[in-house]
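# Summary of structural features
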Amino acid sequence: MLVIDNLKVAINGKNILKGISLKIRPGEIHAIMGPNGSGKSTLAAVLAGRELGVVTGGTVTYYGKNLLEMAAEDRAKEGIFLGFQYPIEIPGVSMVNFMKTAVNEHRKHKGLDPLSASDFLKLMREKKELVEIDSKLANRSVNEGFSGGEKKKNEIFQMAMLEPKLAILDETDSGLDIDALRIVANGVNKIKRADNSFIVITHYQRLLDYIVPDVVHVLYDGRIVKTAGKELALELEEKGYDWIKKEVENNILV
Amino acid sequence: MSAVSEVTARYLNLYNDNIDRINGISSPYINSFRQKAFEKFTELGVPTRKNEDYKYTNLNVFFDHDYRSLFMPVEADFAKADEFRCDVADLDAQGIVLLNGFYPTLNGKLHQFPNGVWIGSLNEAAVRFPDLVEKHYGKYAQTDKDGLVHLNTAMASDGVFIYVPEGVVVAQPVQVVNLVHAEEDIFNQHRNLIIVEKNAEFTLIICDHTLSPGKFLTNAVTEAYVGENSHFDLIRVQNEHNTACKITHTFIHQEKNSVASSNNLTLHGGLVRNSTYHNLGGERAESNSYGLFLGDKFQHIDNFVSVVHSSPNCTSNQLFKGVLDDVATGAFNGRILVRPDAQGTLAYQRNNNILLTDDAKMDTKPQLEIYADDVKCSHGATIGQLDDESLFYLQSRGINKREARVMLMFGFAHEVIQNIKIEALRERMDNLVMQRLRGELSRCASCMVKCG
Amino acid sequence: MEKEQDSILDEVTSGEYKYGFHSDIETEKIQKGLNEDVVRIISAKKNEPEWLLEFRLKAYRHWLTMKMPVWPNLRIPEINYQEIIFYAAPKQRPALNSIDDIDPELKRTFDKLGIPLIEQAHLAGVAVDAVMDSVSVKTTFKETLAEMGIIFCSFSDAVKEYPELVRRYMGTVVPYTDNFFATLNSAVFSDGSFCYIPKGVRCPMELSTYFRINAANTGQFERTLLIADEEAYVSYLEGCTAPQRDENQLHAAIVEIIAEKNAEVKYSTVQNWYPGNKEGKGGIFNFVTKRGICRGESSKISWTQIETGSAITWKYPSCILRGDNSIGEFYSVAVTNNHQQADTGTKMIHIGKNTKSTIVSKGISAGRGQNSYRGLVKVLKNATNARNYSQCDSLLLGDKCGAHTFPYLEVDNQSAIVEHEATTSRIGEDQIFYCNQRGISTEDAIGLIVNGYAREVINKLPMEFAVEAQKLLQISLEGSVG
Ligand SMILES: Nc1ncnc2c1ncn2[C@@H]1O[C@H](COP(=O)(O)OP(=O)(O)O)[C@@H](O)[C@H]1O
Ligand SMILES: [Mg+2]
């Protein structure tokens, strides 16, 4: 569904992504790990259409279409969802209004009629239960005054509402307590179907205990320097990133 | 003394030509203020941009114009205005309609509602309740800087009088609708006096509309007295056309432990200037001054706010937000003055503005003047655009850019609206703002008047 | 560091205005009062060329048509310009070739002020131009600097030696018609400093001008002109003191800065003119026009000021950001104690594209002091992507003082982001209690808190002066507590 080929991105003249290639097929779960500042969030944002820097090379194809040419909202409606590392607060815009607009835009895109108010509220209720999000949160402004954990759960809730084909979760597990982590992981598993895919960006094996990846990539200094099965995550958890860094440096020397 | 400007001279002439007629239809007590106010106006004149408080507003566009007549009602006008009175059955507000500043019913201009509240013509009230009017009229509208307040005192002959007796809690808000409707370009002034006695609660909605296309100039003064332990909310919704100029001066005087809020929602208008003066005259009083303005085309919207902490342990809040499109211009001039003995003061002020185009312009001048030390005061002002990050967040959920912008502007505006305490009214205002942002606004959904 | 803190506190307990002495130096003065002849006499005393006399006369004639500004939030007593002596100079031998030629009393005076007129090894990092009353008495390290092509001398010398440079730049940033006091200065200015940093040169030491008013009944009207050519860098510092006298003395100066492409100028002021006594008698009226223009792209001008002295301060060091990508900064601490009044701030005029400005103003009011911040941020129509951030805080010590904030934000470009924030508060009782609980006296706690409050600005000063500035803050707030 998604083919990233030698993607290069520069921000303010600095090369951040230095040639990333990645292939994701329907139903796959990919984990991306890597030290802070290696470019994980940049990759996620570029896939979702945030105009951060300039793409200086490479291509991204999504279901045969040139993804990089599409507007952010069109990517969303085509099924790409980004769970933000730092969800944005939007004072004054209620969650209900926000989600209703988003859901109906998705429906319009699929040629469906907008949901009636009552159907929409029913859907909200269902999904809230699904992801065990506190029903009060839905009555407030988008992310305003939410705690870190509440914001992350809210991202999962939105994902459940929008039913994406490809969900990119950027450190959705960071800063969560054990219960919240379980809620997030269960949410993901409930939404998981045979044909939708995930890119899970994380630092911790503990999330991957719940969401078992098919492939684990290590992103370092703007490159994917290692790709392996789920056991790689365990190894990283144990040994940290230093050995990877060394390996990379050695390779460069060689 | 400097010579009187040409523009000011127009109004001196207008006064001289009409003063006999004005005195003829007004009560003697109100007439007794005119000569002095006229002298003061002669001294101060129509404010120019040299006046620090009018630095960003050029009034001449509207003041340097020959208003063929000072509006004086005749019977036929009242008959016409009565057409606008419709049944208020499905409206949760009690209502009054003013036509060009006059109370448009010939008989029964002053009513008492079952709850004891008096509402009606100020002129009638001056005759019927001389003690009340003498105690409050002209006491709060004090200024050494703004000649227009004195021009109003010199010439206004009627307006709304509201009296909320001690201990009366009025659940239903009262709505005053100011209509401007005339065949020719007119200048009109009205004068309101609102008295909320001790332990009372009262909400007033003032809606400003224009019904015919002429060039109109309105210069209105409202004085409000808020007694001990009372609550008073004033909501002003302005929806006038692009060739109308609306100038309002609102003076709110508060006693001990009272809470008063003013909310100016400017949806539309050619040139709008709202001056709101809050005087915290008793201990532990709280005042809130809110404002929202949405400008486009050639509109100019200026909000001037003065909050004076005259007593200890009072709290004040100011929040003004503006969105400016096309070549619209905006100004904000907010002042907090803390007098030497007003210890324990908490005062906040914020003004945020969004410019949507290259040609829109905003000038803001928040000010703090503090003469006491046990105070916490802060102010902030920003001028900027819609936030890119937020825009992207909405787009990443599939919302198109246009819609996302409207949503963000709405969210921006809602912060002001959410301070309206009556839920139904808050929702209506949200609706109106949304329509305005989408460019669909034709009339106010909450209005009892079916204006075009 | 702790040692330093201790000595500061020592200073606090003993602090009075310690520069209040006056020196017996033979002084040459002209008759008091102002008229065209006085202007001619000043010019003649300085052997000025005709064009400069013309400049002065034009300014004087214009001044006659002007009125004292009334907009500042200040109560300024009537100033009788006919009672002021417009020119006073320490008498000196015709040629001043070596340090030995300087009047020993003069040298002692500057030593007492901590300003070495001798090029001392341990102060090698600072070159000083010392100005007493109307004239520059000595500029140190002139030769060292000259080797790099840097010109640093008195304004009068510059007029003689570099007339083209002076003529090209003088009055281009602050025209002689600018405002009442600038126009007065343009007519009667006596001396001041001149500095030119050539293309590509980073000035290796702090340049410093030290102003001292000594003579009675005189006014001081100096003029500083500072030019940083392309790619040049200079950090410049001025300090000022005056004797304790019962009458008010007028100081009306002009500073003009020009920064060409990629140049950077840091201009720091530690202003400690005599503030008057506790009852508000005497003190300097400090009415100063300071303005810099970032003429070239990517140039930068940064103002830092510590204003603790003067009975009345009226100054707005400003930046005209004309070059694309240019940057303006203003960092200020202003203290008003006893009967001092200050109306100070800045103007940031954004003209070029991608211009940035930062304003940090910290006002401290004590006693019966009145302290106003007044600032203008103006974004012109073509200044796309302009950014401004302003933070103006006021701290109140005592219930008889006042703190006022008058920002003006005028934005005529949609892509601008302009943010202003201000707070006013007194020192929190909980903060003082916390210190008390740790054994720190209230007076010391306030000292600590005030210094912490002003740190952001003090840190912008060159190292040598940061400590000085901290002490000054303590001293000027002496006796304001309790
Ligand atoms: N807006 C930006 N401007 C400049 N540099 C940026 C910007 N955003 C990210 N970067 C830089 O890009 C690099 C990668 O950042 P990021 O993608 O957030 O890393 P990660 O998510 O892996 O921690 C970092 O060095 C970061 O500083
Ligand atoms: Mg990240």
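In this text, all values refer to a predicted model and were calculated from it rather than measured experimentally.

## Points about the sheet that holds strand β11 (residues 215-220) of chain A
Residue and element names in this part refer to chain A.
- The mixed open sheet is built from six strands, whose spatial order is β6-β9-β10-β3-β11-β12. Two strands in the sheet have a free side with no partner beyond their single neighbour: β6 (80-83) and β12 (223-228). Here the average twist between neighbouring strands, direction ignored, is 20 degrees.
- The sheet contact formed by strand β3 (residues 29-33) and strand β10 (residues 197-201) spans four bridges and is parallel. Residue pairing in the sheet places Ile29 in a bridge with Phe198 of β10.

## Structural notes on the sheet that holds strand β4 (residues 54-62) of chain A
All names here are of chain A.
- One open sheet holds the four strands; their spatial order is β2-β1-β4-β5, and the pairing between them is antiparallel. Taken across any chain shown, the strands that pair with only one partner, and hence form the sheet edges, are β2 (14-24) and β5 (65-66).
- Across eight bridges, strand β1 (residues 2-11) lies against β2 in antiparallel orientation. Looking at β2, one finds that Ala10 is bridged to Asn15.
- Where helix α1 (residues 40-48) meets the sheet, it contacts β1, β2 and β4, and its direction lies at approximately 110 degrees from that of β1.

## Focus: the pairing of strand β13 (residues 283-294) of chain C
All names here are of chain C.
- In terms of burial, β13 is a largely internal element, 12 of the 12 residues being buried.
- In terms of strand pairing, strand β10 (residues 248-251) meets β13 through four bridges, oriented parallel. Across the sheet, residue His251 finds its bridge partner in β13, namely Asn286.
- For strand β11 (residues 254-259) and β13, the ladder comprises six bridges, and the chain directions are parallel. Within β13, the position partnered with Ile258 by the bridge is Ile293.
- In terms of strand pairing, β13 meets strand β15 (residues 312-315) through four bridges, oriented parallel. Note that in β15 the partner of Val288 across the bridge is Lys315.

## Examining the interface of chain B and chain A
- Every contact between the two is made by 20 residues of chain B and, on the other side, 30 residues of chain A.
- At the boundary of chain B with chain A, total buried surface from both sides reaches about 2000 Å², with 65% on carbon and sulfur atoms.
- Considering only the side of chain B, the residues that lose the most area to chain A are Phe392, Tyr393 and Arg397 of chain B, jointly responsible for 40% of the buried surface there.
- Our count for the chain B to chain A interface comes out at two salt bridges.
- A salt bridge links Arg397 of chain B to Glu155 of chain A; its shortest N-O distance comes to 2.8 Å.
- Put simply, chain B and chain A have nine residue pairs in polar contact (both at pLDDT 80 or more) between them.

## A word on the pattern of salt bridges
All names here are of chain C.
- What the rule picks out here adds up to 49 salt bridges over all chains.
- With its nearest N and O atoms 3.2 Å apart, the salt bridge here joins Glu256 to Arg223. Of this pair, Glu256 sits in strand β11 while Arg223 sits in strand β8 (residues 223-228); the two residues are 33 residues apart in sequence, bridging distant segments of the chain.
- On the accessibility criterion, Arg223 (0% relative accessible area) is buried.
- Taking the shortest distance from any N to any O, the salt bridge between Glu307 and Lys315 comes out at 2.4 Å.

## What to know about the interface of chain C and chain B
- Across the boundary between the two partners, chain C contributes 32 residues, which contact 35 residues of chain B.
- Both sides of the chain C and chain B interface together cover about 2700 Å² of buried area, and 46% of this is carbon and sulfur.
- In this structure, the salt-bridge partner of Arg426 of chain C is Asp373 of chain B, at a minimum N-O distance of 3.6 Å.
- In this structure, the connection of chain C to chain B is made through 19 residue pairs in polar contact (both at pLDDT 80 or more).
- If you list the elements that add at least two residues to the side of chain C that touches chain B, you get β22 (402-411) and β23 (417-426) of chain C.
- Classifying every residue of the side of chain C that touches chain B gives 12 nonpolar, 13 polar and seven charged.
- Across eight bridges, strand β21 (residues 375-384) of chain B lies against β23 of chain C in antiparallel orientation. For Ser378 of chain B, the partnering residue across the bridge sits in β23 of chain C and is Thr423 of chain C.

## Brief notes about the site of ligand 1
All names here are of chain A.
- Near ligand 1 you find Ile11, Asn12, Lys14, Ile16, Pro35, Asn36, Gly37, Ser38, Gly39, Lys40, Ser41 and Thr42, and these make up its full shell.
- One of the side-chain N or O atoms of Ser41 is found 2.8 Å from an oxygen atom in ligand 1.
- Here an oxygen atom of ligand 1 and a side-chain polar atom of Thr42 are 2.5 Å apart.
- Contact with the protein chains removes 64% of the 570 Å² of surface that ligand 1 exposes when unbound.
- Of all elements in the fold, only β2 and α1 reach the threshold of two or more residues within the shell around ligand 1.
- Tallying contributions element by element places α1 first for the shell around ligand 1, with three residues.
- Each residue belonging to the shell around ligand 1 can be placed in one class, and the counts come to three nonpolar, seven polar and two charged.

## As for the packing of aromatic side chains
- If you walk through the whole model with that rule in mind, you get 35 aromatic pairs over all chains.
- Ring plane angle 5 degrees and centroid distance 6.2 Å describe the contact between Phe202 of chain B and Phe232 of chain B, whose orientation is recorded as stacked. Taken together, the residues Phe202 of chain B in strand β9 (residues 201-210) and Phe232 of chain B in strand β11 (residues 231-239) connect sequence positions 30 residues apart. As far as burial versus exposure is concerned, Phe202 of chain B and Phe232 of chain B are alike and both buried.
- Judged by centre distance (5.1 Å) and plane angle (80 degrees), the ring pair of Trp63 of chain C and Tyr81 of chain C falls under edge-to-face. Of the two residues, Trp63 of chain C is situated in helix α3 (residues 50-64) and Tyr81 of chain C in the loop between α3 and β2 (88-90); the sequence distance between them amounts to 18 residues.

## Concerning the confidence of the model for chain B
- Model confidence for chain B is summarised by a mean pLDDT of 88, while 90% of its residues fall at 70 or above.
- pLDDT under 50 marks residues 85-91 of chain B. Its contacts with residues more than four places away, or in other chains, come to seven contacts.

## Some words on the coordination of the magnesium ion (ligand 2)
Residues and elements named next belong to chain A.
- Ser41 (OG) and Gln85 (OE1) make up the full set of protein donors to the magnesium ion (ligand 2), lying at 2.1 to 2.2 Å. Taken together, the positions of Ser41 in helix α1 and Gln85 in the loop between β6 and β7 (90-94) put the pair 44 residues apart, joining distant regions of the chain.
- Ser41 sits in the partly exposed class, given a relative accessible area of 30%.
- Taking relative accessible area as the criterion, Gln85 reaches 16% and is therefore assigned buried.

## Some details on the nonpolar core
- Judged by nonpolar contacts, the single largest core of 103 residues is most densely connected at Leu2, Phe98 and Met99 of chain A.
- Here the element with the most residues in this core is helix α10 (residues 401-417) of chain B; it accounts for 10 residues.
- For Leu2 of chain A, the residues in contact, after removing those within four places along its chain, are Leu22, Lys23, Ile24, Leu47, Val60, Thr61, Tyr62, Leu67, Leu166 and Ile199 of chain A.
- Core analysis: the second largest hydrophobic core is formed by 69 residues, Ala232, Ala263, Phe330 and Ala383 of chain C among them.

## A word on the side chain of His241 of chain B
Residues and elements named next belong to chain B.
- Inspection of the secondary structure puts His241 in the loop between β11 and β12 (244-254).
- One polar contact links the side chain of His241 to the main-chain carbonyl oxygen of Gly214, over a distance of 3.5 Å.
- A polar contact is formed between the side chain of His241 and the side chain of Thr243, at a distance of 3.1 Å.

Calculation notes
Residues numbered from 1 in each chain as written. Chains lettered and ligands numbered in written order. Predicted model: local features only at pLDDT ≥ 70, side-chain atom pairs only at ≥ 80, totals over all residues. Heavy atoms only, no water. Pairing = 2+ DSSP bridges. Helix = DSSP H or I, 4+ residues; strand = E, 2+ residues; numbered from the N terminus. Axes fitted to C-alpha atoms, helices over the stretch in contact; angles between N-to-C directions. Contact = heavy atoms within 4.5 Å. Buried < 20%, exposed > 50% of the residue type's maximum accessible area, 1.4 Å probe, protein only. Buried area = accessible area lost by both parts, 1.4 Å probe. Salt bridge = Lys/Arg side-chain N within 4 Å of Asp/Glu carboxyl O. Polar contact = N/O pair within 3.5 Å; in protein donor to acceptor, adjacent residues only side chain to side chain. Nonpolar A, V, L, I, M, F, W, Y, C, P; charged D, E, K, R; others polar. Near = heavy atom within 4 Å. Areas by Shrake-Rupley, 256 points an atom, 1.4 Å probe, with all protein chains shown as cover. Phe/Tyr/Trp six-rings, centres within 6.5 Å; stacked < 30°, edge-to-face > 60°. pLDDT = per-residue confidence, 0-100. Donors = N, O, S within 2.8 Å, 3.2 Å for Na, K, Ca; no water. Core = buried A, V, L, I, M, F, W, Y, C linked by side-chain atoms within 4.5 Å.

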